[in-house]
Amino acid sequence: MALALTPPRVPKSKSSLPSHYHESFLEKKGPRDRDYRKFWAGLQGLTLYFYNSNRDSQHVEKLDLGTFVKLTDETPWGSSRDPRTHFCLVLRNQEIKFKVESLESREMWKGFILTVVELRVPSNLTLLPGHLYMMAEVLAKEEARRAVEMPSCFLKVSRLEAQLLLERYPDCGNLLLRPSGDGAGGVSVTTLQPLNGTQVVRHYKVKREGPKYVIDVEEPFSCTSLDAVVNYFVSHTNKALVPFLLDEDYEKVIGYAEADKENGESVWVASSAPGPGPAPPKGSPKELPPASITPGSSQDKLPPLLNQDENYVIPIGDAPAANYVNEPVLPPSRPVVPKPRKLAMFQAKPPKPPTVPKSGLTDLTAELEEKLQRRRALEHAAERMGDQRANLQAQHITQSSPSSQN
């Protein structure tokens, strides 16, 4: 009886695997992990990707280095192993511990991470000339990538929405990039910092001149990309300004722990693409998909910009949108009653409420509507006062006409 032939297993081609600046095995321990888990890790851009093995093309976890704070050498307490094989990655909202195979591997991981985060080749690590050359090549690739990519702190929001986001989420950063209203392809930078118990908001204009961006300050500074604009503000404020980045501590791939049949060790396995789930019971409300403020890399999903000439509403107590003087701007929570003589610009066409991006922030939309309703009430009160004053003047003229004829 002939046996059925089993086709040989063909390994994946190298071209189908993801490309990384640097990759090797890493043992990772997060804030909620009891012990280290071994992954095949790869660094690409400002993201660390983790795979079950070096043959997988789909990552099971990832870390965003946009909230990078520092790297430290981690010495495990009570461990008999070489402490030079441990290091700790400190981010703005968490700390992740890593364990590698050798001191050389640790220094290389630290060097590549610092290269892409600080955009410079580190000089205080134990590295060979060949390692430094590899990091210089990675630096050139990262600079070229950032030149054509929007930074994560760029959001397609209006001036008022940017200010409200910085006030509502202070732990996510205090520097935000947004489109400029001049229609010339420039951007605006909005910052918020506390000063003697008061939140000080400042707006800066960044002009687009050909392929470069020029920061419009007392001494204009030219940058080759928007990422360089962000680095300029961060470096010239002694890192007091932090790029705004909404926390997204959620995984995109469903996985589970499974015992390996060969060696008995537990490995993390990514589940296959799920099919349509069970239908919800009749009469139950439909679940809305989660939404968040979308960065500039997915601009096609964002609503169009507000028309600065018609639909832009000047925030209450805020400076006019055309002023880009580096002076503190009052928060929009302090109402200012407009004078009746300035009502002509609103009588021709009543102002429309600004279109808030579909960001899923219901409370932000409600706050904007409340401020706009309060502003309309003040405008209607001023109009009634003007009409009553005109009626009184007309009555006074009518009563004085017969006496002048006599």
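These notes cover the structure that comes with them. (Residues numbered from 1 in each chain as written. Predicted model: local features only at pLDDT ≥ 70, side-chain atom pairs only at ≥ 80, totals over all residues. Heavy atoms only, no water.)

**Focus: the packing of aromatic side chains**
Note the cut-off: Aromatic contacts are taken between Phe, Tyr and Trp rings whose centres are within 6.5 Å, Trp giving its six-membered ring; a plane angle under 30 degrees counts as stacked, one over 60 as edge-to-face, and the others as tilted. Note on conventions: DSSP H or I runs of at least 4 residues are helices, E runs of at least 2 residues are strands, and numbering of each starts at the N terminus. Whether a residue is buried, partly exposed or exposed follows from its accessible area with a 1.4 Å probe, protein chains only, as a fraction of its type maximum: under 20%, in between, or over 50%, in that order. We call a charge positioned over a ring when the NZ of a Lys or the CZ of an Arg lies within 6 Å of the ring centre and within 35 degrees of the ring normal.
Tallied over the full model, the rule gives seven aromatic pairs. Each ring, one from phenylalanine 50 and one from phenylalanine 98, has its centre 6.3 Å from the other, and the planes form 10°; the classification is stacked. In this pair, phenylalanine 50 is assigned in strand S3 (residues 47-51) and phenylalanine 98 in strand S7 (residues 95-99), connecting sequence segments 48 residues apart. Side by side, phenylalanine 50 and phenylalanine 98 carry an identical accessibility label, which is buried. Geometry around phenylalanine 50 places lysine 28 over its ring, the cationic atom sitting 5.7 Å from the centre. Cation over ring: lysine 99 sits above tyrosine 36, and NZ or CZ is 4.7 Å from the ring centre.

**Remarks on the side chain of arginine 178**
Let me state the cut-off plainly: Two N or O atoms form a polar contact when they lie within 3.5 Å of each other; inside protein one atom must be a possible hydrogen donor and the other a possible acceptor, and for residues adjacent in sequence the pair counts only when both atoms belong to side chains.
Within the element layout of this structure, arginine 178 appears in strand S8 (residues 175-179). A polar contact of 3.3 Å, which involves the side chain of arginine 178, links it to the side chain of histidine 203.

**Focus: the pattern of salt bridges**
Operational definition: By salt bridge we mean one thing: a side-chain nitrogen of Lys or Arg within 4 Å of a carboxyl oxygen of Asp or Glu.
Taken as a whole, this structure holds 15 salt bridges when the rule is applied. Residues glutamate 61 and arginine 37 are paired through a salt bridge, measuring 2.5 Å at the closest nitrogen-oxygen approach. Taken together, the residues glutamate 61 in strand S4 (residues 61-64) and arginine 37 in strand S2 (residues 37-44) connect sequence positions 24 residues apart. Notably, a salt bridge pairs arginine 106 with glutamate 107, separated by 3.2 Å at the nearest N-O pair. A relative accessible area of 7% means that arginine 106 is categorised as buried. Classification of glutamate 107 by relative accessible area gives buried; the value is 4%.

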